[in-house]
Amino acid sequence: MNGKRRTWLLRLGWALGLLALAIGYWLIPIRGQVTFSSQTGPWDEPWPRCRVNPSTPQAGEALTVQVTDLVAWPNVLATVNGRPISVQPWGDGRLGRFTWAFVFPAPADDALEIVFYSHCDSGCQERSTLRLGKQPGAPTPGEARPASQLCAVAASPTRDWHGRSGWDVELTYARLAEERFWGIDDLAWRVQQATANGLHVLVRVDYDQEQTLPATGDQAALTGYLDYLRRLARDARLAGVYGYVLGSGFNQASSNAQANGRPVTPAWVARLLDGYGEDPSHTDNAVQIIRAEHPGVRVLVGPVRPWSTDQDSDRRAAIDAPWLNTMNALVAALDEGAQAKLAAGYALVAPDGFALHVAGRVGELGAAEPSTDQRRADWNGAQAGFRVYRDWLDIINAYATTRGLPVYITATNTFVTDEGVPPAQNYPTGWLTAALAEISREPQVQALCWFLDEDRSGDPRWDLFSLTRQPGQLAAAAAEFDALLRGNSTP
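So, a few notes on the structure that sits alongside this text. Predicted model, so just to flag it, every value in this text is computed and none were measured.

## Some details on the packing of aromatic side chains
The final tally for this structure, using the stated rule, is 18 aromatic pairs. Ring centres of Trp167 and Tyr242 lie 5.0 Å apart, and the angle between their planes is 85°; this geometry places the pair in the edge-to-face category. In this pair, Trp167 is assigned in strand 10 (residues 165-173) and Tyr242 in the loop between helix 3 (219-234) and strand 12 (243-246), connecting sequence segments 75 residues apart. For Trp167, a relative accessible area of 5% corresponds to the buried category.

Structure below.
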């Protein structure tokens, strides 16, 4: 009797602990109408099986879910309406059945979707799904969202896209895979929110903070980065990702602070992306790894930082400027790597497009800046403002395997490093409208992403760039963004 009482008390304590953790985690209200089923749930297979208690809970009441299966799955996780929640084993599996349980407050008024995953250490695999309450019906053809080129980096989940299918750019770090916000679980939640809003999601994958890609020649770091790409591509929660952007601004010293003076070279980036310089039979490169796990997702080359002189290349572009030479060396190496693979009989080995960093140097031009050439004689005719995107396109279209590939402007605003004035202070009304009109005339450009919408990581450095916070002149930019989504050229 004492042993049974101790067991009962242990289970009670465990359940109460889970409840406390769950209540602390589930602070975001869920909207909609919920009707809970009294049945065990419409699982797609006889196993696993689920028990929900109570079957008709009141809003905020502790809802306990138990999942039982015939296999002791490793590294399990559950999501409730997309939010990750930890799962604990229940019982010892002596009867050949293994049970996991979790507790959370019942939502007030929404359909409930509970998904159970296994193997989350290498990319969560969906084991089964339980849906309770009234589920939204499939959209009719008339409800299809028209596409927009407008995009926001770190798009706010509360932004009204006015029925348009725009774009969102999110960021994750391979070295912070298990950390809050930057890790894979919070990333998956943000992706789910964005796709539920009808957005195309681009995920930028950096190696670590202040180290955009593994340092040149660091094979251990390269392996870790490629393993994380494989995990992302395999994870069922990220199936809706449109494309992965690999790194950003590798030609800038501040993006390689951990490299101990070893710059990330164009040849190394190409080796990482498509295996340039390696035996064509080798598959340890980003394109082939991601393609093997998620054939439909795009693999995009991360942007080169414009106007940075931290790195140059002997492989000169048509316009001889350090950032353009670096871009030219990168695209040439990617082309050679893809050509070598094709000659050896391997298909689908080239990247699917390029992410571009494009900023406006407004000066006295104001809203006319995006449609104005700013060629600098001291830069041998290189563009100094928004039309640097044309310099990037000229290089991309100069090589056989990259010619005509789509490009995505994944970061734009009116901040340039050498001037140091944030958009809150220098944004001229009408600039975003003019920038969208400029790129809409170029069919290769798919997206124009303002950096940024809403920083949810808690970093105050980006407040003067935020469309959601709208300090200073950004109130005008935010009004334009909204007006353009509504189909108007003026707020």
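So, next bit.
## Observations concerning the pattern of salt bridges
For the coordinates displayed, the defined rule picks out 27 salt bridges. Asp185 is the partner of Arg237 in a salt bridge, and the nearest nitrogen-oxygen pair spans 2.8 Å. Residue Arg237 is located in the loop between helix 3 and strand 12, and its partner Asp185 is located in helix 2 (residues 184-196); the two are separated by 52 residues in the primary sequence. Assessed through its relative accessible area of 12%, Arg237 is described here as buried. Residue Glu336 pairs with Arg315 through a salt bridge whose shortest N-O separation is 2.9 Å. Of the two residues, Glu336 sits in helix 6 (residues 322-343) while Arg315 sits in the loop between strand 13 (298-301) and helix 6, which places them 21 residues apart along the sequence.

## Description of the state of the cysteines
Evaluated as defined, the whole model comprises two disulfides. Here Cys151 is linked by a disulfide to Cys449, with a sulfur-sulfur distance of 2.1 Å. Taking the sign of the torsion about the S-S bond as the criterion, the disulfide between Cys151 and Cys449, at about 90°, is right-handed. Here Cys151, found in strand 9 (residues 147-153), pairs with Cys449, found in strand 18 (residues 445-450); they are 298 residues apart in sequence, far enough to count as distant.

## Description of the pairing of strand 10
Of all nine residues in strand 10, nine are buried; the element is thus mostly enclosed. The sheet contact formed by strand 10 and strand 11 (residues 200-206) spans seven bridges and is parallel. Bridging across to strand 11, Thr172 finds its partner in Val205. For the crossover from strand 10 across helix 2 to strand 11, the handedness is right-handed.

Reading guide: rules and limits
- Residues numbered from 1 in each chain as written.
- Predicted model: local features only at pLDDT ≥ 70, side-chain atom pairs only at ≥ 80, totals over all residues.
- Heavy atoms only, no water.
- Phe/Tyr/Trp six-rings, centres within 6.5 Å; stacked < 30°, edge-to-face > 60°.
- Helix = DSSP H or I, 4+ residues; strand = E, 2+ residues; numbered from the N terminus.
- Buried < 20%, exposed > 50% of the residue type's maximum accessible area, 1.4 Å probe, protein only.
- Salt bridge = Lys/Arg side-chain N within 4 Å of Asp/Glu carboxyl O.
- Disulfide = S-S within 2.5 Å.
- Pairing = 2+ DSSP bridges.
- Right-handed = clockwise from strand over helix to strand, strands pointing away.

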